[in-house]
Amino acid sequence: MKLSELIDRAPWREATTYRKTWPHEYVLLHKDNQRELLEAVCERLNHGEGVPCRFFAMRNQYLFIGGYKYWLMIPPDQVDWENEEVLNRARLYRDRRDFVIQDGDTGIWYDYPANPAKPDQAVVQQEDANHA
């Protein structure tokens with residue numbers, strides 16, 4: 001089955017904890033029976049299709065498909081297929097917030113920061129901070 005079909009068939013649920021700030025959805029590996037979907041996403045990420053992005057201090061690889069970005073909470077090569085894992089997705093902002101979330105960002109669609117970071121600068125700044 002194609003990845004787009006797996007995505008369309010998945011029982012996405014709203015992440016209520018971040019409903020008003022960073023709205024996103026998720027599916028669970030075992031509870032939602034989404035092994036095939038998670039395997040397909042992990043395969044793509046492991047083959048270099050992911051884009052490095054940052055959510056405040058957390059760096060991650062995101063897979064951009066259609067109007068969404070997809071991510072795991074751990075590196076795709078560290079998924080524990082015996083335990084519950086989460087695949088997240090969020091609608092794209094279609095601005096730099098799809099790549100870098102920085103201090104002052106609120107997650108509200110219309111609330112764009114006055115001085116948005118450039119994706120390459122923010123990643124370099126984060127890497128510098130990690131090595132300090």
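Everything discussed here concerns the structure shown above.
Residues numbered from 1 in each chain as written. Predicted model: local features only at pLDDT ≥ 70, side-chain atom pairs only at ≥ 80, totals over all residues. Heavy atoms only, no water.

1. With respect to unusual backbone geometry
Note: most residues except glycine have negative phi, and most peptide bonds are trans. Although it is not a glycine, Asn-33 adopts a positive phi angle of roughly 55°. Tracing the chain through its elements places Asn-33 in the loop between strand S2 (25-28) and helix H2 (35-46). (Helix = DSSP H or I, 4+ residues; strand = E, 2+ residues; numbered from the N terminus.)

2. A closer look at the sheet that holds strand S3 (residues 51-55)
Ordered by their spatial adjacency, seven strands build an open sheet running S1-S2-S6-S5-S4-S3-S7, and the pairing between neighbours is mixed. The open sheet terminates on both sides in strands that have one partner only, identified here as strand S1 (13-14) and strand S7 (100-101). Judged from the three bridges that link them, strand S4 (residues 58-65) and strand S5 (residues 68-72) form a sheet pairing that is antiparallel. Residue pairing across strands places Ile-65 opposite Tyr-68, the latter belonging to S5. With respect to the sheet, H2 is in contact with S2, S4, S5 and strand S6 (86-91), its orientation differing from that of S4 by roughly 105°. (Pairing = 2+ DSSP bridges. Contact = heavy atoms within 4.5 Å. Axes fitted to C-alpha atoms, helices over the stretch in contact; angles between N-to-C directions.)

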